[in-house]
Amino acid sequence: FFIFVQDFSKAMSQAGSSQFQEVIRQELEYSMKVELDKILATAHSNEIEHTKKDLEGFKKLFHRFLQEKGPSVDWGKIQRPPEDSIQPYEKIKARGLPDNIASVLNKLVVVKLNGGLGTSMGCKGPKSLIGVRNENTFLDLTVQQIEHLNKSYNTDVPLVLMNSFNTDDDTKKILQKYSHSRVKIYTFNQSRYPRINKETLLPIAKDVSYSGENTECWYPPGHGDIYASFYNSGLLDNLIAEGKEYIFVSNIDNLGATVDLYILNHLMNPPNGKRCEFVMEVTNKTRADVKGGTLTQYENKLRLVEIAQVPKAHVDEFKSVSKFKIFNTNNLWIALSAIKRLQEKNAIDMEIIVNPKTLDGGLNVIQLETAVGAAIKSFENSLGINVPRSRFLPVKTTSDLLLVMSNLYSLNAGSLTMSEKREFPTVPLVKLGSSFTKVQDYLRRFESIPDMLELDHLTVSGDVTFGKNVSLKGTVIIIANHGDRIDIPAGALLENKIVSGNLRILDH
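Here the structure is a predicted model, which means the values were calculated and not measured.

Colleague: Which residues make up the sheet that holds strand β2 (residues 108–114), and what values do they have?
Modeller: The strand order β1-β17-β11-β14-β10-β2-β5-β6 describes an open sheet built from 8 strands, whose pairing is mixed. Either end of the sheet is taken by a strand with one partner, and the two such strands are β1 (86–88) and β6 (185–189). Shown here is a sheet whose adjacent strand axes are inclined to one another by a mean of 25°, direction ignored. When strand β11 (residues 278–284) meets strand β14 (residues 326–335), the two strands line up antiparallel, connected through 7 bridges. By the bridge assignment, Glu281 is partnered in β14 with Asn331.

If you want it as C-alpha cells, here you go:
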C-alpha cells in the first residue's frame, strides 16, 4: 500500500475524488495508531503516563496535518492591523508606574524557552549554558536579572524553564548552583514526539527509548507546545493557586527580553479597564528581519503570519519592509487563567509547521511543530506593542555573540544595555565567515574582542585572527583567500578598510 502512496501530497493532488483522499487519510491514521501503540507497549510502568500524553498530543497534530492542504492563509483576507491594535511602546511608557508596582510584580512569572541545543554554534548541551559575557551564560544572566528585580522591589518573581528531553538533565545539574539565589526556579518538559519517515509517513522510532542510536527518532515539537505541557505538568495550576496572573515568555537566547515594568503595568491596570489576555512585542523590521513572522488582521482577529504559511506568489510581498513594517520578537505576555480556560476547552489553534530534516544516515524525515505566538488569535483582547529594537537581542550565531561580548553593550545586574558612547541607536551589521561558526574556533581567533563603538559593518571571511586591542570603525571587510592567512596585529586601527588575501590594506 505504501509503495502505491509513496508521496502523500502527490497522491492527494492526483486523486480526483475527495472520497479517495478520505480513504487514504483514514489508512494513514490507522497505520500511525498501530505504530504508536507498538511504541507505547515498550514503555516501563513509570513512563507510561507521560508517554501516553505525548503520543496523544502527537496524534492530534498528525490528524490536523493530514487534513490541511497548501498554505494555511488566504492571502486575500490579510489586512493591516487596526491602528489601536498595535500600540507604540512610548505611549505605554508615558503612563508611568504606580506606587504599588511591587504588588503588580508579585503576580508575574518569567518563563524562558530552554529546549534548544547549542549545535548551530558547535556546542554540545543546552544553548543556555554557552558563556556570553564575562563567563556568564544565558542562564546566569537570566537569574541575575530576576534576582535584581526581587531584591530591588522585595518581590517573589519565579523563573520557569521549559526544557526539552535534550536539555533537561544538563540544566537540572546546573540549577543546583542557584539554590541560594533569591529566585525560585521551576522546570517542566515540553513533549517528545516521534519523527516520521517522509515517504511512508510512519514513525521511525521502534520503541520508547531516546538514547544511543534512538536519539534521532524523537524531537521536541516547537515552542507552541508550551500551552499543553505547562498545563499537563500541573505547574500552571500551582502558580494560579499562588496568585500569579501573567507569564512573560521569551527565548532564553534573547538577551533583550528583560521584565518591562511599563508593559506589566499596562496589562495589570489597562487604561480602558479591559485586560488583554495576550500581548506580543513586535519591533520594526530591518533588511535582516525580512523572514520574521508579522502581525496582521485576519477574519477580525490579530493573527501571526509566518513566511512558511505564505503562498509562493506572495513571498516577496511578505518580505517587503514597506508593507509589513514589524515582526514578532517572541517576547509574549499571556494571562495564566486564559491558558487554563483555552487548554481545557481544547481551543488553542496554532498552524502546523512542517519541518523537513535529513538524518545523518541520509533518511528524509519530517517533524510537525507549532509556534507559541501563533496562538494569539485564540485569546481575547490581544494586543501588539511596538517595542524598541533593544528588546530583541537574540544570539543565534557567533556574529551575534561578537556584538553582545563587545563594548557596544554594558552589563548591569544581568541586563545588557547599549553603551552611551555609541552614537547611533542601531547595531553594526556583522558577518563572520565559516571559520568562526563554532564557538571554540571563534574564541580562538580573537585575542580580545575589538573596540566596535564606531563600527557600521564588518565582514570577515577565511583564516583571519585578531590580536589584542584592535579597533574597528566604519566599514571593514577582511577577506583571506583560500590558503592565505591574515593576522590583524595587536593595537591595529581599521577604519573604512578592505584587507585582502595578500595583506594589502586599502582605503574603502
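Colleague: Can you explain the environment of Arg25? Please cite residues and give values.
Modeller: Looking at the secondary structure, you find Arg25 in helix α2 (residues 18–40). Between the alpha carbons of Arg25 and Gln67 there is a distance of 8.0 Å; along the sequence they are 42 residues apart.

Colleague: So what's going on with the side chain of Lys244? Residues and values would help.
Modeller: Residue placement: Lys244 occurs in the loop between α9 (235–241) and β10 (246–251). Lacking a salt bridge, the buried Lys244 has Asp156 as its closest oppositely charged neighbour, with an N-O distance of 4.7 Å. There is a polar contact of 2.8 Å between the side chain of Lys244 and the backbone oxygen of Asn106. Only 2.8 Å separates the side chain of Lys244 from the backbone oxygen of Asp156, close enough to count as a polar contact. Excluding its chain neighbours within four sequence positions, the residues that come into contact with Lys244 are Asn106, Lys107, Leu108, Val109, Asp156, Pro158, Leu239 and Leu336.

Colleague: Account for the pattern of salt bridges, naming residues and giving values.
Modeller: Summed over all chains, the structure comprises 25 salt bridges. Residues Lys340 and Glu344 are paired through a salt bridge, measuring 3.1 Å at the closest nitrogen-oxygen approach. In this pair, Lys340 and Glu344 both sit in helix α12 (residues 336–344), 4 residues apart, roughly one turn of the helix. Assessed through its relative accessible area of 25%, Lys340 is described here as partly exposed. Under the relative-accessibility criterion, Glu344 is labelled partly exposed at 48%. Between Lys377 and Glu351 there is a salt bridge, and its shortest N-O distance comes to 2.6 Å.

Colleague: Kindly report on the packing of aromatic side chains, identifying the contributing residues and their values.
Modeller: On inspection of all chains with the given rule, the structure shows 15 aromatic pairs. Each ring, one from Phe318 and one from Phe324, has its centre 5.9 Å from the other, and the planes form 40°; the classification is tilted. Residues Phe318 and Phe324 agree in their burial class; the two are buried. Relative to Phe392, the ring of Phe327 lies with its centre 5.0 Å away and its plane at 80°, an arrangement referred to as edge-to-face. Highlighted residues: Phe327 in strand β14 and Phe392 in the loop between β17 (383–386) and α13 (398–405), separated in sequence by 65 residues. Neither residue differs from the other here; Phe327 and Phe392 are each classed as buried. Joined through ring pairs, the aromatic side chains of Phe58, Phe62, Phe65, Tyr193 and Tyr219 make up one cluster. In this structure, Arg192 is placed above the aromatic ring of Trp218, and the distance from its NZ or CZ to the ring centre is 4.2 Å.

Colleague: Can you tell me about the environment of Val290, naming the residues and giving the values?
Modeller: Turning to its location among the elements, Val290 is positioned in the loop between β11 and β12 (294–298). Note on Val290: relative accessible area 18%, which makes it buried. C-alpha of Val290 to C-alpha of Ile307: the two residues are 17 residues apart in sequence and 9.0 Å apart in space.

Colleague: Outline the pairing of strand β5 (residues 159–163), supporting the account with residue identities and numerical values.
Modeller: A regular strand carries its side chains on alternate faces of the sheet. Across the 5 residues that make up β5, a large majority, 5, are buried. Residues Leu159, Leu161 and Asn163 of β5 are buried on one face, and the alternating residues Val160 and Met162, pointing to the opposite face, are buried as well. Note that β2 and β5 share 5 bridges and pair parallel. From the neighbouring strand, Asn114 faces β5, where its bridge partner is Asn163. With 5 bridges joining them, β5 and β6 adopt parallel strand pairing. What sits directly across from Val160, in β6, is Tyr186.

Colleague: Which residues make up the domain arrangement of the protein chain, and what values do they have?
Modeller: Parsing the protein chain into structural domains produces domain 1 (75–391) and domain 2 (398–500). Contact with domain 1, which involves 15 residues of that partner, is made by 16 residues of domain 2. Taken together, both faces of the contact between domain 1 and domain 2 bury some 1,200 Å²; the carbon and sulfur share is 62%. At the boundary of domain 1 with domain 2, the tally comes to 0 salt bridges. On the surface where domain 1 and domain 2 come into contact, there are 5 residue pairs in polar contact (both at pLDDT 80 or more). When contributions to the side of domain 1 that touches domain 2 are tallied by element, the ones reaching two or more residues are β3 (131–133) and α6 (138–153). Counted by class, the side of domain 1 that touches domain 2 contains 5 nonpolar, 9 polar and 1 charged residues.

Colleague: Can you lay out the nonpolar core for me, pointing to particular residues and giving the numbers?
Modeller: Among the nonpolar cores identified, the biggest contains 107 residues, and Tyr227 and Phe466 are the most heavily contacted of them. No other element matches α6, which puts 6 residues into this core. Three or more residues apiece are contributed to this core by two domains, here domain 1 (75–391) and domain 2 (398–500). With residues up to four places along the chain from it excluded, the contact list for Tyr227 reads Phe278, Ile334, Ile339, Gln343, Ile348, Met350, Val372, Ala375 and Phe379. Core analysis: the second largest hydrophobic core is formed by 28 residues, Leu55, Phe58, Ala205 and Val365 among them.

Colleague: Requested: an account of the UniProt feature "binding site: UTP" (unreviewed entry) in the protein chain, with residues and values cited.
Modeller: According to UniProt, the "binding site: UTP" (unreviewed entry) feature falls on Lys127, Gln190, Gly222, Asp253 and Lys396. With residues near it in sequence (within four places) discarded, Gly222 still touches Gln190, Glu369 and Thr370. Within the element layout of this structure, Asp253 appears in the loop between β10 and α10 (261–268). In this structure Asp253 touches Lys127, Phe138, Leu393, Pro394, Val395 and Lys396, once residues within four positions along its chain are discounted.

About the thresholds
- Residues numbered from 1 in each chain as written.
- Predicted model: local features only at pLDDT ≥ 70, side-chain atom pairs only at ≥ 80, totals over all residues.
- Heavy atoms only, no water.
- Pairing = 2+ DSSP bridges.
- Helix = DSSP H or I, 4+ residues; strand = E, 2+ residues; numbered from the N terminus.
- Axes fitted to C-alpha atoms, helices over the stretch in contact; angles between N-to-C directions.
- Buried < 20%, exposed > 50% of the residue type's maximum accessible area, 1.4 Å probe, protein only.
- Lys, Arg positive; Asp, Glu negative; His and termini not counted.
- Salt bridge = Lys/Arg side-chain N within 4 Å of Asp/Glu carboxyl O.
- Polar contact = N/O pair within 3.5 Å; in protein donor to acceptor, adjacent residues only side chain to side chain.
- Contact = heavy atoms within 4.5 Å.
- Phe/Tyr/Trp six-rings, centres within 6.5 Å; stacked < 30°, edge-to-face > 60°.
- Lys NZ or Arg CZ within 6 Å of the ring centre and 35° of its normal.
- Domains from an automatic or database assignment.
- Buried area = accessible area lost by both parts, 1.4 Å probe.
- Nonpolar A, V, L, I, M, F, W, Y, C, P; charged D, E, K, R; others polar.
- Core = buried A, V, L, I, M, F, W, Y, C linked by side-chain atoms within 4.5 Å.
- UniProt positions renumbered as here; feature names shortened; annotations may be inferred.

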